[in-house]
Each structure stands twice: as C-alpha cells, then as structure tokens.
Amino acid sequence: YVTETPNFCPFSWATVSASWEISLAVTCHCGRSKAKVKAIAPEPVPMSNTVWLVTASDISHDALTVAQANGQKFGVSVTYVESDLFANIQEQYDVIVSNPPYIADSERDVMDDSVLVFEPAVALFADDAGLALYKAIAQDLLDYLKPKGVAYFEIGYLQGPALLGVFGELPNVTVELRQDMAGHDRMIKVTRK
C-alpha cells in the first residue's frame, strides 16, 4: 500500500539521526510481508554513512519463504523471522512498519471481490472491529521500539479515532494520524520520546 498511499512511506515522515546503524522491522502478521519488504527496502536508502539492518516478520511461513526468495532475487539484505506479532522477536528497533489485518468481519460485504478472492482471510480480517491486533501490538510495542524510535501502521479508514486512543494510552509517545489520497484515515505514526 506504499504505492497507493505515498504518505505511508515511513521515510517521508522520518527524521533520522546521524546514526551509523538503523534497525528496521517490517511486520505484517498476514502473509503479505514479501511485498512490503520490497516496497520499503528495495535498495539502499539514500543516506550516506547509514546502514539499515532490516528484519521482516510474518506469521506465515509460506509468505516468508516467498519473501526470502524475492529478497535474494532483488539483492535485498533482510533477516526473516516467523513470528506471531512480537512472539519470536528478540531485538529493539529504531523503526517499525506494520500492516496487520485490520478489516472488521462486518465490512466483508462492502469489499471488492478481487480482494476476497486473492487474499487469504487471515491477511485481511481481525476481531474486535478490526482492532484486535493493534491492541495486542500496543501492549508490547515499547518493549521493541527503541527510545526516540518510530512505528508506522496502516489502518482501516474507520479506525483513526479508536487507534489514536489505543496508542495514545502508551506512556511517553506522540501519535499522529494521516489520510490517504482519497482523504480517508489510513496511517498512524507512533513516536517514542
């Protein structure tokens, strides 16, 4: 969705310090990490003297296998971790980019058939009006986000106010909401102080 919502690109929001190493986690929890990694880390980010250490995680072994093959094909240096959210993650990161399933089951009837046919349900739908995985991520986010780190989340167009509240309850963070090209709420940025 980086191409559909250019303001989602974390580097358009990020202010990166002059650090020599920046760790980036791409978490999908949905079987779609292969596309996200290529969209976010297709080539070295144009910042001199900066090394990006990229980790991609997904709950789907099959998706990670495809992502790894694509990474090798395109020369992307990424560490791949099969993980249910943060379950198998061991490090803290400067940047976390996440696109978990966020569609409420009640929205199934208004979805385009092409999405329902080509995407597995586990990649699309989440309990609690689509908020369940965000709430689970929020519980552990500060354990994995370094001080002054930034986390970016794609969200459903009806979820902005609720997710401002979910992430806004975390201590010592600022939370921003951004819209997509159609003017719908689509992205949340959480910055740790």
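None of these values were measured; they are calculated from a predicted model.

### Some points on the pairing of strand β5 (residues 145-154)
At step 1: Counting buried residues in β5 gives seven out of ten residues, a clear majority hidden from the surface.
At step 2: Taken together, the five bridges between strand β4 (residues 93-98) and β5 define a ladder with parallel strand orientation. Residue pairing for β5: I96 is matched across the bridge by A151.
At step 3: Where β5 lies against strand β7 (residues 185-192), five bridges are found, and the strand directions are antiparallel. Its bridge partner being in β7, E154 is matched across the sheet by M187.

### What to know about unusual backbone geometry
At step 1: Positive phi, normally seen in glycine, also occurs at K148, with a value near 70 degrees.
At step 2: By secondary structure assignment, the location of K148 is in strand β5.
At step 3: Under the relative-accessibility criterion, K148 is labelled exposed at 68%.
At step 4: You will see that N172, though not glycine, has its phi angle at about 55 degrees, which is positive.

Rules and cut-offs
Residues numbered from 1 in each chain as written. Predicted model: local features only at pLDDT ≥ 70, side-chain atom pairs only at ≥ 80, totals over all residues. Heavy atoms only, no water. Buried < 20%, exposed > 50% of the residue type's maximum accessible area, 1.4 Å probe, protein only. Helix = DSSP H or I, 4+ residues; strand = E, 2+ residues; numbered from the N terminus. Pairing = 2+ DSSP bridges.

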